[in-house]
Every structure is written in structure tokens, then in C-alpha cells.
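# A look at the structure
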Amino acid sequence: ADCRYTCHQECRSLIQLDCRRPGQRQRQLSPESTLLPACSQNATQTVEEEKPEPPTVQEIKQKIEKYNAKVTNCLLMKLNDDGTYTGFIKVHLKLRRPVTVPAGIRPQSIYDALKEVNLAEMTDKRTSFYLPLDAIKQLHISSTTTVSEVIQGLLKKFMVVDNPQKFALFKEMRKDGQVLSQKLPLTEYPLYLRLLAGPDTNVLSFVLKENETGEVEWDAFSIPELQNFLMILDKEEKDKIQQVHRKYERFKQRLQQTLKEARGKPG
């Protein structure tokens, strides 16, 4: 009431103040008027960050020239007359679950790619298999290509017929010896991120992973796919149990051996 000190109500009992000074004018304020509401997560309002202005064509041109000067291979970026640009990105595939592909379909040829023939639509038969862990796929994309289109393009190249919503594209950045991973929104432009970071994949890399469990739309899966997931989870659970059993069995054997050796020693 005297010094206008403000605190939360739950902190009131912890505050000890002696701010009365001779001749100080007393303010007619009740102690309750200096209390703030209790802390709450909902009390914090998210402040929208101002979006930066899009770069001009001249700025893009300078960034591309700087980017190409660092390129050690032929994977250069090219500026178009309309201000858009094209280039290459590499995507690491780190999928821990099997993907669904057409059964009995030959690999896509250059002719099929040029004619945009979708071999996956030529059969209703499906099979599942694991993609090689940490496989790398190189894509030639435009500055207008979104994350959603990159995911769809990757699935098409591997003839994966799973719903694209099951997957997410992440960017990984290395800083101070640590790897920081962040999920990219579907409307983000990967080539622009590549341009800003430079061609060094140690600075920035793109990774395709399964979508986080809490965000997966399970309605997009078919019944056989869901049953397949249950079988895989059951197998992983059994493998984990066996690992724990083997770990403590080895610990038990070492403990028994130590006790046996200790019994033969005096004292």
C-alpha cells in the first residue's frame, strides 16, 4: 500500500517489506489491490511475430550467386526470369515403419517418369517392406515447391501408396556439437531454407520421418495396415522384453561369480 509493491497472491506470505519512510504520504490502497491473479498458463498470450518482408529479386540473385560460389559439385541454383529459382535438395529417409507399395510392379523407368505414368494405380495388390535406413534421395525442385509437395514427390518416386499425412519433413541443424530437429509446416519452402543455409548439409539437412504419434490421422490407414502395425509393435515389445531379460541375466551371472570368488577369500 505504501511502495506499490506487486506480487502474486500465493507469494504474499513470502514477502517481507519495510518500506515506510518518515514523511511519506500514505496511499489509501488495500493490500488486495496490489495482488495479481495466480499464475496460469492461459494467462500468457502468444504474441504474433511480424513476418519479414519477402526478399526482392535482386536480393535473391545475390544470395544465389553467393550460394553457387560455395557449391563443389554441379548442383547449382538457377534464377528464372519471373523471379523464381530452381535447385536441388537432399532428403534423408529415416523411416522406422514399413511402407506400402504395389505388389509385382516393375521399377519406374525414365519413360514412365517423362509420361507421368503412375504405376501404383495399375494394380490393387499391395505389399509392405522397410525402406533402407537413412537412404538419401535428391530432388530438383522450385522455390515455389512446398513441404507438402516434397513429401508427395518422395512417395511417388518410391511408389509408396501410403497417405502423405503419415509423414513429415524435418530440418536438422547442427550447432555447438548438437543436432537440433524441427518439423517443417506443410506450407514452408525447402529450397529457400537451403538457399539461406548454403549448400553444406552439415549446417542444414532435410529428413523424412513418420509423423508424430499424436498428430497421425489414424483414419487414413486401412484395416490391414493397422493390423500390420499391431504385429510390428508386438514383435518390438517381445524383442525389448528379451533384451531386458538378457541384460539382467548377465548381471545375475556376474554377481554370482563375484560372490563365489568372495567366499574363497579370508575375511
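Reading guide: rules and limits
- Residues numbered from 1 in each chain as written.
- Predicted model: local features only at pLDDT ≥ 70, side-chain atom pairs only at ≥ 80, totals over all residues.
- Heavy atoms only, no water.
- Helix = DSSP H or I, 4+ residues; strand = E, 2+ residues; numbered from the N terminus.
- Buried < 20%, exposed > 50% of the residue type's maximum accessible area, 1.4 Å probe, protein only.
- Contact = heavy atoms within 4.5 Å.
- Expected span 1.5 Å × (residues − 1).
- Arc of directions from axis to C-beta.
- pLDDT = per-residue confidence, 0-100.
- Phe/Tyr/Trp six-rings, centres within 6.5 Å; stacked < 30°, edge-to-face > 60°.
- Lys NZ or Arg CZ within 6 Å of the ring centre and 35° of its normal.
- Pairing = 2+ DSSP bridges.
- Axes fitted to C-alpha atoms, helices over the stretch in contact; angles between N-to-C directions.
- Left-handed = near helix turned anticlockwise from the far one by under 90°.

Along the backbone of the chain there are five helices and ten strands. Evaluated residue by residue, the chain yields a buried proportion of 27% over its 267 residues. When contacts within the chain are restricted to residue pairs at least 6 apart in sequence, long-range pairs at least 24 apart make up 69% of them.

Moving on, we come to unusual backbone geometry. What is expected of a backbone is that most residues other than glycine have negative phi and most peptide bonds are trans. Of note, Met 159 is a non-glycine position whose phi angle comes to about 55°, a positive value. Looking at the element boundaries, Met 159 is found in the loop between helix 3 (147–157) and strand 8 (167–175). Taking relative accessible area as the criterion, Met 159 reaches 16% and is therefore assigned buried.

Turning our eyes to something else, we now look at helix 1 (residues 57–70). Helix length check: helix 1, at 14 residues, gives a terminal C-alpha distance of 20 Å against a target of 20 Å (1.5 Å per residue), a fit within 8%. Looking only at helix 1, the buried set comprises Ile 60, Ile 64 and Tyr 67. On an axial view of helix 1, the arc spanned by its buried residues comes to 65°, and they lie on one face. Opposite its buried face, helix 1 presents the exposed residues Lys 66 and Ala 69, each directed more than 90 degrees away. Check the buried side of helix 1 and you find it contacts strand 3 (78–79), strand 4 (85–93) and helix 4 (190–197).

Summary statistics for the chain give a mean pLDDT of 77 and a share of 69% for residues scoring 70 or more. Across residues 109–114, confidence stays below pLDDT 50; counting only partners more than four residues off in sequence or on other chains, it has four contacts.

Next up on the list: the packing of aromatic side chains. With the rule as written, the count across this model stands at zero aromatic pairs. For the cation-ring pair, Lys 209 lies above Phe 170, with the distance from its terminal atom to the ring centre recorded as 5.1 Å.

Before going further, it helps to examine the pairing of strand 8. The pairing of strand 8 with strand 10 (residues 204–210) spans seven bridges and is antiparallel. Note that in strand 10 the partner of Leu 169 across the bridge is Leu 208. Inspection of the sheet shows strand 8 paired to strand 9 (residues 178–183) by six bridges, in the antiparallel sense. Bridging from a neighbouring strand, Phe 170 pairs with Lys 183 of strand 9.

Below, the discussion takes up the packing of helix 1 against helix 4. The angle between the axes and the distance between the axes are what describe a pair of packed helices. Running from N to C, helix 1 and helix 4 cross one another at 65°; their axes reach a closest spacing of 9 Å. Pair helix 1 / helix 4 crosses with left-handed handedness. Counting all contacts with helix 1, which are made through Ile 60, Lys 63, Ile 64 and Tyr 67, the residues of helix 4 involved are Tyr 192, Arg 194, Leu 195 and Leu 196.

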